[in-house]
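Structural characterization, general
Here is what each chain is made of, one letter per residue.
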Amino acid sequence: MKILVGISRVPDTATRILVGKDGKSIDEQGVKFIINPYDEFALEEGLRIKEKFGGEVVTITVGPEPSKEIIRTALAMGADRAVLVKTNSSFDSFFTAKNIAIYAKEFNPDIILFGKQSVDYDSLAVPAMVSELLNFPLITIVSKLTIDGSKVVAERDVVGGREVVETTLPCVISAQKGLNEPRYPKLPDILKAKNKPIDERSPQETSPMYEIINMEIPHRARKNIILSDSDEDIAEIARLLHEDAKII
Amino acid sequence: MKKILVLIEVLENKIKRVSYELITAGRKIAEQTNYELLGVAFSSNTELLEKVKEFGLSKIILINNSTFEKYSVSLFSKALSQVVTKYQVEYVLLPAHTYGLEIAGRLAANLESPYISDCISLTIDNGKAIAKKPIYAGKAQINVLVDGNIKIFTLRPNVFTAEVNPTEKLEIEEFNPDVGDNDKKEVVVNSFRNEGKLDVLEAEIVVSGGRGIKGPEHYNLIEELANVLGAAVGASRAVVDAGWRPHNEQVGQTGKTVSPTLYVACGISGAIQHLAGMASSKFILAINKDKDAPIFKVADYGIVGDLFNAIPKLIKELKKYKE
Ligand SMILES: Cc1cc2nc3c(=O)[nH]c(=O)nc-3n(C[C@H](O)[C@H](O)[C@H](O)COP(=O)(O)OP(=O)(O)OC[C@H]3O[C@@H](n4cnc5c(N)ncnc54)[C@H](O)[C@@H]3O)c2cc1C
Ligand SMILES: Nc1ncnc2c1ncn2[C@@H]1O[C@H](COP(=O)(O)O)[C@@H](O)[C@H]1O
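Now for a look at the structure at hand. This is a predicted model, so every value here is computed, not measured.

Moving on, we come to the packing of aromatic side chains. Inspection of every chain in the model, using the stated rule, returns 15 aromatic pairs over all chains. With 5.5 Å between their ring centres and 75 degrees between their planes, F91 of chain A and Y210 of chain A make a pair best called edge-to-face. A residue pair is termed long-range when its members are at least 10 positions apart, and F91 of chain A in the loop between strand 5 (81-86) and helix 3 (93-107) and Y210 of chain A in strand 12 (residues 210-216) qualify at 119 residues. Taken as a pair, F91 of chain A and Y210 of chain A share a single burial class, namely buried. Relative to F68 of chain B, the ring of F42 of chain B has its centre 5.4 Å away and its plane inclined at 35 degrees; by these criteria the two rings are tilted. Of this pair, F42 of chain B sits in strand 4 (residues 36-42) while F68 of chain B sits in the loop between strand 5 (59-63) and helix 3 (73-86), and the two are 26 residues apart along the sequence. Taking the relative accessible area as the measure of exposure, F42 of chain B reaches 12% and is therefore buried. Sitting over the face of the ring of F107 of chain A, K2 of chain A holds its NZ or CZ atom 5.1 Å from the ring centroid.

Listed below in structure tokens is the structure:
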């Protein structure tokens, strides 16, 4: 099995987000970057598929030079090698997808695993775009995956329920929380990862289709009427829900 | 004339409410651009489609053929790309949930056209579109200028309002996409509905419980409150991880992002990853015994107290307004 996993570098989810000087991107000062949490599920699944069927797990990242830190973590988790397509632009999902597809055409994977979304721009687009560019089947937001020969069965939550979807290899899968429990790298693995290769490449440019006008921190003025749990106060809350929020 | 195309989503013989939100958003763009508004539906139930007139849609492109009986993202996106090309569509609006998002991604790559996902506002300025979308789990948002012959957007459900704007006549034009069996790359072999249960993504009110609820056996308290309010039941991750509630109820960064009219957080501390999933709710009510819990910072209304005492009292008070 040739397994390709897309991993992106994102700010730690607990980070406080501030707008940078350009007014269009975040202030990276003091921000800790991590592997996109959903990509850990994708990588873990890739590693388990390799453990079961043999083969090779390759990660691909479209991102800046410091992405190597998260790539080392992925290699320590067990990926065999990594590809880094170096760029500073990160908003354009089509550019990312195109460059992942270009590498995929060269590598010829049996399965491509992604996270369901990257928690920076929350685009939810790259897996679908890659699948279209390669003319591969696509199953997104998967929380259970079984592979049997070339048959793939996946379960996922959809609005108001759950569904089981079938397809065949090669295909694109995007991972949801619950798919598995990602492993923690052990010290020997971390040391071993230092010697695993990172193949650095230049991107193929695509024509830009967007312009970020500005980035802002949303401010929603809240009423902040905080009362006690006395009978009168709770009656007052009910009245507010009725007369102010008008929901009952 | 150029067109604005909105997806009318039909599921189990019901038009999804988000479709009406898309129609209203599309109608507003149509008024500004003088383009024609078109709907597209995969359905065999033409009678049902009549309902769109109430919201001002007067033409639907209908894909009514047995190949499309079951959903398949590759198949549906291929058909849609043919509709976009044939009808000279400039704006495509789809819902930002599972199906809409994956269709939109494939469609955008197929047409090599700009696509902005999960928009919370969409305006037209001098023929160019400006979309607002939350990023970093809602901790920030960007305004993006989008230019191109075709522009694709997915709109976050529950954020755009569906405005009634009746029109007299509905024209239904059938379209037969040029697709074959090998375009149906994925097959839904089984689906389960959460019978009689409202999904947090679709509900106007969501009542969620957190670790403060102490155990699954007390969740009936949350359900009872939800019942009185006609709300869906949600949960924090702590509750889901403990196995008290299923993952499809989880609200937050690794769960669902909801924007209901009212969100009620019971025994939830208000961790940043939870806020990521509900901070854009119109009104927030928090019930927590710790007056310093961060959830109160984002709340419109708050009850500081033991939820086992507060919720039954609140239910009693709310019932008075229902009578
Ligand atoms: C990568 C990542 C992703 C995450 N994603 C999510 C996510 O999607 N959704 C999510 O919710 N969390 C998520 N979390 C977890 C999050 O950080 C918190 O741990 C979680 O939200 C806490 O849940 P809680 O508020 O129910 O529990 P706690 O933080 O334990 O809060 C319980 C609250 O109940 C109150 N309480 C206790 N007893 C009572 C009582 N009798 N009456 C009234 N109040 C009472 C307490 O004062 C306390 O404030 C994520 C974390 C990480 C690291
Ligand atoms: N820059 C990137 N490099 C590698 N993989 C990416 C990148 N951006 C997104 N992905 C993958 O695509 C998934 C969905 O991301 P997105 O479409 O950006 O929300 C992520 O979870 C990653 O697996």
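Right, let's get into a nonpolar patch on the surface. A surface patch of nonpolar side chains, amounting to about 290 Å² of accessible area, comprises L187, I190 and L191 of chain A. Within the secondary structure layout, I190 of chain A lies in helix 5 (residues 187-193).

All names here are of chain A. Surveying the vicinity of ligand 2 reveals 19 residues, the closest of which are D39, V62, S118, L124 and A125. V62 has a polar backbone atom sitting 2.7 Å from a nitrogen atom of ligand 2. With respect to ligand 2, the backbone of V126 contributes an N or O atom lying 2.8 Å from an oxygen atom. Here ligand 2 loses 95% of its free accessible area of 470 Å² to cover by the protein chains. Counting only elements with at least two residues in the shell around ligand 2, the list comes to strand 4 (56-63), helix 3, strand 6 (111-115) and helix 4 (126-134). When residues in the shell around ligand 2 are grouped by element, the largest group, three residues, is from strand 4. Residue composition of the shell around ligand 2, grouped by class: nine nonpolar, nine polar and one charged.

Calculation notes
- Residues numbered from 1 in each chain as written.
- Chains lettered and ligands numbered in written order.
- Predicted model: local features only at pLDDT ≥ 70, side-chain atom pairs only at ≥ 80, totals over all residues.
- Heavy atoms only, no water.
- Phe/Tyr/Trp six-rings, centres within 6.5 Å; stacked < 30°, edge-to-face > 60°.
- Helix = DSSP H or I, 4+ residues; strand = E, 2+ residues; numbered from the N terminus.
- Buried < 20%, exposed > 50% of the residue type's maximum accessible area, 1.4 Å probe, protein only.
- Lys NZ or Arg CZ within 6 Å of the ring centre and 35° of its normal.
- Patch = residues over 30% accessible without salt bridge, like charges linked within 9 Å, V, L, I, M, F, W, Y side chains within 5 Å.
- Areas by Shrake-Rupley, 256 points an atom, 1.4 Å probe, with all protein chains shown as cover.
- Salt bridge = Lys/Arg side-chain N within 4 Å of Asp/Glu carboxyl O.
- Near = heavy atom within 4 Å.
- Polar contact = N/O pair within 3.5 Å; in protein donor to acceptor, adjacent residues only side chain to side chain.
- Nonpolar A, V, L, I, M, F, W, Y, C, P; charged D, E, K, R; others polar.

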